[in-house]
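Descriptive structure summary
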Amino acid sequence: MQQGFFSIQQTCPKCHGSGKMIPEPCPSCSGAGRIKRNKTLEVKIPAGIDNGMRIRSTGNGEPGTNGGPSGDLYVEIHIKPHPVFQREGDDLHCEMPISFSKAALGGEIEVPTLTGKVSFTVPEGTQTGKTFRLKGKGIKGVRSGYAGDLFCHVVVETPVKLTDKQKDLLREFERMTVEGGAKHSPQSKGWMDKVKDFFE
């Protein structure tokens, strides 16, 4: 283009630099050679993939300009919350409610894992918050060669809707433990000693 003493060079507005023109363009694509439509793809999810990771699907992105190759499609992964397990890296965490008597006397409990149920023994006197580690029962990450661990957090469940007989038995049990002194409730004694020191 000539503008006075200056010459300006720009891309042809008709062929957009492709060097060829379509005299009768398609009404659907207006001569672009491509139309927009939805497409459903199957993407293989590798085991151990974590939240926020991306999967690359080669050649399924936007088509290239001027006949160039298509780009790639990146699928970002968002993992739904699980009703039993909470994930932390390659490790898993779960809460395991146990009965008052099982916590006091000890015994065998079953916990769920990704590969089925596993049994282990809890010692007598187990308290709420006690954590048991099951090695290798977590998730095998995409880039790691070994599986993480499963951490089982014990929650001692207080019995509810007791019958009169059960209440009488618990009252008798409470009376006997109080008479037995602090050896039955070491945490309560330690807490009371701290409170006493605080107010003195």
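Before any of the text, the structure's been laid out above.
Now for a description of the structure that goes with this document.

What counts, and where the lines are drawn
- Residues numbered from 1 in each chain as written.
- Predicted model: local features only at pLDDT ≥ 70, side-chain atom pairs only at ≥ 80, totals over all residues.
- Heavy atoms only, no water.
- Patch = residues over 30% accessible without salt bridge, like charges linked within 9 Å, V, L, I, M, F, W, Y side chains within 5 Å.
- Areas by Shrake-Rupley, 256 points an atom, 1.4 Å probe, with all protein chains shown as cover.
- Salt bridge = Lys/Arg side-chain N within 4 Å of Asp/Glu carboxyl O.
- Helix = DSSP H or I, 4+ residues; strand = E, 2+ residues; numbered from the N terminus.
- Buried < 20%, exposed > 50% of the residue type's maximum accessible area, 1.4 Å probe, protein only.
- Pairing = 2+ DSSP bridges.
- Axes fitted to C-alpha atoms, helices over the stretch in contact; angles between N-to-C directions.

As a further point, take a nonpolar patch on the surface. A contiguous nonpolar patch, built from Phe5, Phe6 and Ile8 and spanning about 420 Å² of accessible area, is present on the exposed surface. By the secondary structure assignment, phenylalanine 6 is in strand E2 (residues 6-7). Residue classification places phenylalanine 6 among the exposed positions, given a relative accessible area of 60%.

It is worth spelling out the pattern of salt bridges at this point. For the structure shown, the criterion picks out 7 salt bridges. For the salt bridge of aspartate 72 with arginine 56, the shortest nitrogen-to-oxygen distance reads 2.6 Å. Of this pair, aspartate 72 sits in the loop between strand E3 (54-57) and strand E4 (73-76) while arginine 56 sits in strand E3; the two residues are 16 residues apart in sequence, bridging distant segments of the chain. In this structure aspartate 72 comes out as partly exposed when scored by relative accessible area, which is 26%. By relative accessible area, arginine 56 is classed as exposed at 52%. Residue lysine 117 is joined to glutamate 110 by a salt bridge in which the shortest nitrogen-to-oxygen separation is 4.0 Å. Owing to a relative accessible area of 66%, lysine 117 belongs among the exposed residues under this scheme. Connected through shared salt-bridge partners, Asp50, Arg87 and Asp90 make up one network.

Strand order in the open sheet formed by 4 strands is E5-E6-E10-E9, with mixed pairing between adjacent strands. Unpaired on one side and paired on the other, strand E5 (86-88) and strand E9 (131-134) mark the two borders of the sheet. Within this sheet the neighbouring strands show an average axis-to-axis angle of 30°, counted without direction. The pairing of E9 with strand E10 (residues 150-157) spans 4 bridges and is antiparallel. By the bridge assignment, arginine 133 is partnered in E10 with phenylalanine 151.

That is the geometry; function is a separate question.
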